[in-house]
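# A look at the structure
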Amino acid sequence: MQLSGWGRYPSSESRLIEPATQGVVSEQLAALRAQSSCLISRGAGRSYGDAALAPVVLTSKHLDNFIALESNQDGSATLRCAAGATLDEILRLIVPRGFFLPVLPGTAHVSVGGAIAADIHGKNHHLDGCFSEHVESLTLLLADGSIRECNRDKDRPLFEATCGGMGLTGIVLDATLRLTRIAGPLIDNRTYIANSLQECLELFAEHAAAPYSVAWIDCLSSGQHLGRSVLFLGEHSQVVPDKKRDRSRRTISVPFTTPGWLLNKHTMNVFNTLYFKRQKMRSEANLMHYQQYFFPLDAIANWNRLYGKNGFIQYQLVLPEMSAAQGLTQILKKVSEAGKGSFLAVLKQLGAANNNPLSFPLAGYTLTLDFKMEKSLLPLLNELDAILTDHGGRLYLAKDARMSEATFKAGYPRWEEFMEIKAAVDPDNLFTSKLAERLGLSA
Amino acid sequence: MNIVIIGANSAIAKASARLYAGQGHDFVLSGRNAAALSELEADLKVRGAGRIALLPLDILNTHEHSVLVDNIEQACEQIDLVLICHGSLPDQERCESDFELVQQELIINGTSVVSLAGRLANVLKKQQHGTLAVVTSVAGDRGRQPNYVYGAAKSLASTYLQGLRGRLLPYNVHVIDIKPGLVDSPMTAQFDKGPLWASPEQVARKILRAVSKKQHTVYAPGYWRLIMFVVRSIPDFFFKRLKF
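Owing to the predicted nature of the structure, the values given are computational and were not obtained by experimental measurement.

With that settled, the discussion passes to the pairing of strand S7 (residues 217-220) of chain B. Across four bridges, the pairing between strand S6 (residues 173-180) of chain B and S7 of chain B is parallel. Note on S7 of chain B: the bridge partner recorded for Ile-178 of chain B is Val-218 of chain B.

Here you go:
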């Protein structure tokens, strides 16, 4: 069938295997190995580009069982669950019990396996690091059919390569996650307005101690308003809500693919201006349900359909602290000049990089832009890549659909180290995706 | 509640059990794959289930059904809800030339349901309490070219339940026929999914609602009631030409 990532670009013809049990995963892997047919595992299909595309795709969507929830005496807890469990299901289980996931991305509809493969980060990266920092252990099905448990003490290189390794080292079967304690589901949210990029970066620096921080940035504004933004700071509230406030939201759904021309420079400009004005008028501090704070877009199911049938590209870059201000200014200028921005561009300060060879975050700033897919977009993105490489930055593999091998290798200098670890456990390159082929990770 | 689930490894059963587990109920789970049953047991425990008993059984061994029912009775003092969910989707083309396969499918989707529903109904009748909910299919509403073997077996079960419902009425036992439409589960892995497809969770929520509201015949999701009304209304001279 025709498969694509969340960005709906690119798509490819794939055979989709949906095992119902772990036993079937092993059987299918053995059969594919016998045919020397390459495959990639796929979780909830929320990576944007071609990371979970291959001729054969093995999905974990039915492998979503919880295995054990253990509370420790010090009040902390761990959850062991199969790789197909989504963060949404986990939160529904643990939040009423007073626990939380230490790292959450912008959507709850990612699988644990996907979160590990992309080594996702959240609004607290500057303090708490990536998802993998809170993974105690994971069980990996390797190309030869063996099942290996790996963690920081056991098979550490394999553990580190798997976290951020985009599924190329093996199939994550299950993982044990550390949970944090919370009083309730509410987040104390504070909002700050920044009228320029410089102001926004200063605000980030000033509020580096805030547990959660993220900024929405108007990437269509130019001149003295270039980079005007709204900074959202959050922390877990001690307020325990009554039943009524605790209710999670209803979601609406985009029922079909809307015509792509609906999203253009003018409609987005109107949206961005209204959004900025609205935030300016809102009270500076308020209590929000965690779903509303962390996953605003989850309120609209299938929002990716709004970009039309050609899909869109989410371009997420990180620039090191030193060159961030300059690099971001250049990139925002280019985008603003091209008039191709998107609503909901996001800027976030990241903390130090971890030791995983392919993990995306590094100390600096990450900017996320959505672009409707059209022919004229790719040359613009290549220009942005050049600016990025010049400033020592790199792109997030979970979002990427088009960067060149050279851009990738410049941004991820430890790729060779990754390939050595992969070669040791997958010498025949059984685990390969379109992304891996494009970036030279399948040689 | 003591909840008995037959075919507990099916996607719809699993999703329903998960919702009930969150409410802290006790379970007796029967299914063919013992390893998968243990996985489900752990999962339900994490979600808050109380006591769980596992009774693995291959539904095709109909002579073991009475033993299973005895074991279920032993495992729980009183049964509050029986949920029968097992089923299989046969390859219609193979069925056209392989009667053995047809017979097997009729057992899985039809007569084994009758056997277990009938035996468990008698237990509920004796208790003078309980609900029997059976997952059949919209396919049982009319025999369609691409899957009339499956449809025939499911309609056998549905028709049986209609009579059983009346018989058990004086004994305070309620019978529910749940008819899911297209459900995105391992059973339907080979199909391309479109907008009419529902998740097992959606069907499970319908089941919980039907049980608490004592509904009779439930289409899941609800729009299938309308679709099947239209499908049933098409005259034969035209219907025979349809390939869907």
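Residue and element names in this part refer to chain B. Across the sheet, which stays open at both edges, the seven strands sit in the order S3-S2-S1-S4-S5-S6-S7 with parallel pairing between neighbours. At either end of the open sheet lies a strand with only one pairing partner, and these are strand S3 (52-54) and S7. Strand-to-strand twist across the sheet, computed as the mean angle between neighbouring axes with direction ignored, equals 15°. Where strand S1 (residues 2-6) meets strand S2 (residues 26-30), five bridges bridge the pair, whose relative direction is parallel. Following the sheet pairing, Val-4 is matched in S2 by Val-28. Lying over the sheet, helix H5 (residues 99-127) contacts S1, strand S4 (81-84), strand S5 (130-135) and S6, oriented at roughly 170° with respect to S5.

Our focus in this paragraph is the packing of helix H3 (residues 65-75) of chain B against H5 of chain B. Residues and elements named next belong to chain B. Interhelical geometry of H3 versus H5 gives an angle of 35° and a closest axis separation of 10 Å. By crossing handedness, the relation of H3 to H5 is classed as right-handed. Between H3 and H5, the contacting residues are His-65, Ser-66, Val-69 and Glu-73 on the first element and Ser-115, Leu-116, Arg-119, Leu-120 and Val-123 on the second. Taken together, the residues that form the contact of H3 with H5 break down as four nonpolar, three polar and two charged.

For the rest of this paragraph, the subject is the interface of chain A and chain B. At the junction of the two partners, chain A supplies twelve residues and chain B supplies 13 residues. No other element matches strand S6 (residues 66-71) of chain A, which puts four residues into the side of chain A that touches chain B. Of the residues in the side of chain A that touches chain B, the class split is seven nonpolar, four polar and one charged.

Cut-offs and rules
- Residues numbered from 1 in each chain as written.
- Chains lettered and ligands numbered in written order.
- Predicted model: local features only at pLDDT ≥ 70, side-chain atom pairs only at ≥ 80, totals over all residues.
- Pairing = 2+ DSSP bridges.
- Helix = DSSP H or I, 4+ residues; strand = E, 2+ residues; numbered from the N terminus.
- Axes fitted to C-alpha atoms, helices over the stretch in contact; angles between N-to-C directions.
- Contact = placed C-beta atoms within 7 Å.
- Left-handed = near helix turned anticlockwise from the far one by under 90°.
- Nonpolar A, V, L, I, M, F, W, Y, C, P; charged D, E, K, R; others polar.

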